[in-house]
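Here's the letter readout for the chains.
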Amino acid sequence: MSNSATFKVKIEKLPRHVAIIMDGNGRWAKLHGRPRIHGHQKGVERAREACEVALELGITVLSLYAFSTENWSRPPGEVEFLMALLEEYLTKELPIMMDKEIRLHPIGRLKDLPVTTQKKVKEAMEATKGNARLTLNLALNYGGRAELVDAFKDMAKLLKEGKLSPHDIEEATVNRFLYTKAQPFPDLLIRTSGELRISNFLLWQTAYTELYFTSTLWPDFDRSEFIKALLEYQKRERRFGGLGY
Ligand code: FPP
């Protein structure tokens, strides 16, 4: 798809928040006769490209599922490689994030990541906290159920301390305890590689999100694929449980 396709995207109907399950790196590598890690390397380039498209169009939140709570079950060598790749990504991207005003907002149980990875993530988070053009939610050791458990624990603590009353708990209260706090919910969730699942990503937040599944593998999900997903999203009629007329 040429650059002209970008112009077909209606700016007034843009999703504010796009979430992406970047799947298919391993299959892409196999298809090209390369080790799995090569697929992940290529995947990082596509993550960078997705940020560029978001910035260019004015999408304000991008959530990328980089490492799930279930991904620890992969061979230790692959997990180590992914952590090293993440550290390298954060080091390389930090000046770009500053330049382009991207705020890195990690979501997930960071304390279980290797100490060196945690350090890099926290450094980037701290350095970029004043940036306001694009919030990049990088899901690391993330699980939607784990996020809810963490929220319930924090809420229970406040209840016990008498700082929160059961009568005051509403949906908005739950929102405030999530990793995504004050952010808009995802308008569009994209999953690559032909799998038709949510896989524990942003469970609470995606209640009314439009879903877009493509068989394209993540390392092939380039700018034109992203634009295609956005154009498809713009054709959808969002009713949020109402009649829409
Ligand atoms: C899915 O491919 C991808 C992951 C498990 C996450 C890794 C994602 C990246 C390296 C891209 C972005 C990274 C950063 C740091 C922004 P898979 O291994 O599940 O593929 P398969 O299902 O084909 O085996």
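Before any of the text, the structure's been laid out above.
Below: a short report on this structure. (Residues numbered from 1 in each chain as written. Predicted model: local features only at pLDDT ≥ 70, side-chain atom pairs only at ≥ 80, totals over all residues. Heavy atoms only, no water.)

**Comments concerning the layout of surface pockets**
- Volume-wise, the largest pocket comes out at about 720 Å³.
- In terms of lining, the largest pocket is formed by 31 residues, of which the most central are Met 22, Asn 25, Tyr 65, Ala 66 and Asn 71.
- Elements with a minimum of two residues in the lining of the largest pocket: helix 2 (25-31), helix 3 (36-57), strand 2 (61-68), helix 4 (76-100) and strand 4 (134-142).
- For the lining of the largest pocket, the residue count by class is 16 nonpolar, eight polar and seven charged. (1 Å grid on protein atoms, 1.4 Å probe; cavity = no way out; pocket = protein on both sides within 12 Å on 5 of 7 lines; lining within 4 Å. Points joined across faces, edges and corners; volume = space filled by probe spheres on them. Helix = DSSP H or I, 4+ residues; strand = E, 2+ residues; numbered from the N terminus. Nonpolar A, V, L, I, M, F, W, Y, C, P; charged D, E, K, R; others polar.)

**A few points about the pattern of salt bridges**
- By the definition in use, this model includes 23 salt bridges.
- A salt bridge links Glu 123 to Lys 120; the shortest N-O distance between them is 3.9 Å. Of this pair, Glu 123 and Lys 120 both sit in helix 5 (residues 115-128), separated by three residues, roughly a single helical turn.
- Note on Glu 123: relative accessible area 39%, which makes it partly exposed.
- The partly exposed category is assigned to Lys 120, whose relative accessible area is 26%.
- When the shortest N-O distance is used, the salt bridge between Arg 236 and Glu 232 registers 3.0 Å.
- On the basis of relative accessible area, Arg 236 is assigned to the partly exposed category, the value being 22%.
- The class of Glu 232 is partly exposed, set by a relative accessible area of 27%. (Salt bridge = Lys/Arg side-chain N within 4 Å of Asp/Glu carboxyl O. Buried < 20%, exposed > 50% of the residue type's maximum accessible area, 1.4 Å probe, protein only.)

**With respect to the environment of Asn 71**
- The residue Asn 71 is located in the loop between strand 2 and helix 4 in this model.
- Look at Asn 71 and you get buried, because its relative accessible area is 16%.
- C-alpha of Asn 71 to C-alpha of Tyr 142: the two residues are 71 residues apart in sequence and 9.5 Å apart in space.
- Setting aside anything within four residues of it in sequence, one finds Asn 71 in contact with Ala 66 and Val 79. (Contact = heavy atoms within 4.5 Å.)

**Brief notes about the sheet that holds strand 2**
- Strand order in this open sheet of six strands is 3-4-2-1-5-6, and the pairing throughout is parallel. Among the strands making up the open sheet, the edge pair consists of strand 3 (102-107) and strand 6 (210-213). This sheet shows a mean twist of 20 degrees between the axes of neighbouring strands, independent of strand direction.
- Here strand 1 (residues 17-21) pairs with strand 5 (residues 188-191) via four bridges, running parallel. From the neighbouring strand, Ile 21 faces strand 5, where its bridge partner is Arg 191.
- Its contacts with the sheet put helix 5 on strand 3 and strand 4, and the angle it makes with strand 3 is roughly 140 degrees. (Pairing = 2+ DSSP bridges. Axes fitted to C-alpha atoms, helices over the stretch in contact; angles between N-to-C directions.)

**Describing the pairing of strand 4**
- Most of strand 4 sits inside the fold, with nine of its nine residues counted as buried.
- Alignment of strand 2 against strand 4, held across seven bridges, turns out to be parallel. Opposite Leu 62, over in strand 4, you have Leu 136 as the bridge partner.

**Focus on the packing of aromatic side chains**
- Evaluation of the coordinates by the stated rule reveals eight aromatic pairs.
- Relative to Phe 201, the ring of Tyr 142 lies with its centre 5.6 Å away and its plane at 90 degrees, an arrangement referred to as edge-to-face. With Tyr 142 in strand 4 and Phe 201 in the loop between strand 5 and strand 6, the pair connects residues that are 59 residues apart, well separated along the chain. Phe 201 shares its class with Tyr 142; the two are buried.
- Summarising the aromatic geometry, the rings of Phe 221 and Phe 226 are spaced 6.2 Å apart at their centres and angled 45 degrees between planes, so their arrangement reads as tilted.
- The class for Phe 226 is buried, based on a relative accessible area of 1%.
- Among the aromatic residues, those joined into a cluster by ring pairs are Tyr 65, Tyr 142, Tyr 179 and Phe 201. (Phe/Tyr/Trp six-rings, centres within 6.5 Å; stacked < 30°, edge-to-face > 60°.)

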